[in-house]
Amino acid sequence: MEKYFNIIHFCLYKAFYKVHLFTERINPANLIHKLPFQRKRYEELGIDIHQEINKAWGDKRFGLSTVAAGGFLWGGLALFFFSVLMMLKVSISTPLIIGCGVGSGLICYVFVFRQDKYIKYFDRYEKWSKQEKRKYGWVTVGSILFVLLSFYLCLVL
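The following refers to the structure shown. As the structure is a computational prediction, the values presented were derived from the model and not from experiment. (Residues numbered from 1 in each chain as written. Predicted model: local features only at pLDDT ≥ 70, side-chain atom pairs only at ≥ 80, totals over all residues. Heavy atoms only, no water.)

So, the overall build of the protein
Part 1: A count of helical and extended segments in the protein gives 7 helices and 0 strands.
Part 2: Starting at the N terminus and ending at the C terminus, the protein contains elements arranged as α-α-α-α-α-α-α.
Part 3: For the protein, the C-alpha radius of gyration of 19 Å lies well beyond 15 Å, the compact-globule estimate for 157 residues.
Part 4: Dimensions of the protein along its principal axes, counting C-alpha atoms only, are 60 × 35 × 30 Å.
Part 5: Looking at the protein as a whole, 30% of its 157 residues qualify as buried.
Part 6: Excluding contacts between residues fewer than 6 apart, the proportion of contacts in the protein whose partners are at least 24 apart in sequence is 77%.
Part 7: Computed over 21 positive and 11 negative side-chain charges, the inter-centroid distance for the protein is 8 Å. (Helix = DSSP H or I, 4+ residues; strand = E, 2+ residues; numbered from the N terminus. Rg over C-alpha atoms; globule rule 2.2 N^0.38 Å. Buried < 20%, exposed > 50% of the residue type's maximum accessible area, 1.4 Å probe, protein only. Contact = heavy atoms within 4.5 Å. Lys, Arg positive; Asp, Glu negative; His and termini not counted. Charge placed at Lys NZ, Arg CZ, Asp CG, Glu CD.)

This is the structure in structure tokens:
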């Protein structure tokens, strides 16, 4: 189970980072960085702003992609637990919703985040072949679709 959660976390991390790289090219907010006073300030500081932004998104320990992937994993697991409880016809209440969130947070903490386990897995998964990356990417997409489908079915049934 630990390996599965870390695979999903890694694939989500890579997906968020790739989306950032794609949207960076078409983001109109990046025009601010081309203004003369901004460019001059970056030169004074000796930084390449695009490299700094990519570093902020791509950092494995505290990067925005890592945080977003962790939140997505946590929320997806909470949604799955909530769906299962709704299928079992448990009455919905605020403590139940909070319990799903706290329970999924604890599971994510134990299997992924405690003592930065995910860093070890990230280093291992970075060495995957293209075929393995594709396979586990589809596993992640399938898992997300499964959670969304289970939530939809619990609402319909």
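Some remarks on the pattern of salt bridges
Part 1: In this structure the tally under the stated criterion is 6 salt bridges.
Part 2: When the shortest N-O distance is used, the salt bridge between Glu-52 and Lys-55 registers 3.6 Å. In this pair, Glu-52 and Lys-55 are both assigned in helix 3 (residues 49–58), 3 residues apart and thus about one turn of the helix distant.
Part 3: Owing to a relative accessible area of 32%, Glu-52 belongs among the partly exposed residues under this scheme.
Part 4: Classification of Lys-55 by relative accessible area gives partly exposed; the value is 49%. (Salt bridge = Lys/Arg side-chain N within 4 Å of Asp/Glu carboxyl O.)

Notes on the environment of Val-112
Part 1: Secondary-structure assignment places Val-112 in helix 5 (residues 94–113).
Part 2: Measuring from C-alpha to C-alpha, the distance between Val-112 and Cys-154 comes to 28 Å, with 42 residues separating the pair along the chain.
Part 3: Leaving out residues up to four positions away in the same chain, Val-112 has contacts with Phe-5, Asn-6, His-9, Leu-73, Ile-107, Lys-117 and Tyr-118.

Re the nonpolar core
Part 1: Membership of the largest hydrophobic core comes to 19 residues, with the highest contact counts inside it found for Ile-7, Phe-10, Leu-73, Tyr-125 and Trp-128.
Part 2: Only helix 1 (2–26), helix 4 (64–87), helix 5 and helix 6 (117–125) provide two or more residues apiece to this core.
Part 3: When residues of this core are assigned to their parent elements, the largest contribution, 7 residues, is made by helix 1.
Part 4: Grouped together as the second largest cluster of nonpolar side chains are 5 residues, Phe-82, Met-86, Leu-96 and Cys-154 included. (Core = buried A, V, L, I, M, F, W, Y, C linked by side-chain atoms within 4.5 Å.)

Considerations on the side chain of Ser-83
Part 1: With respect to the helices and strands, the residue Ser-83 is situated in helix 4.
Part 2: Each residue touching Ser-83, except ones within four places of it in the same chain, is listed here: Val-147, Ser-150, Phe-151 and Cys-154.

Structural notes on helix 6
Since there are 3.6 residues in each turn of an α-helix, residues three or four apart along the chain are aligned in direction.
Part 1: Of all the positions in helix 6, only Lys-117, Tyr-118, Ile-119, Tyr-121, Phe-122 and Tyr-125 are classed as buried.
Part 2: On its buried face, helix 6 sits against helix 1, helix 4 and helix 5.

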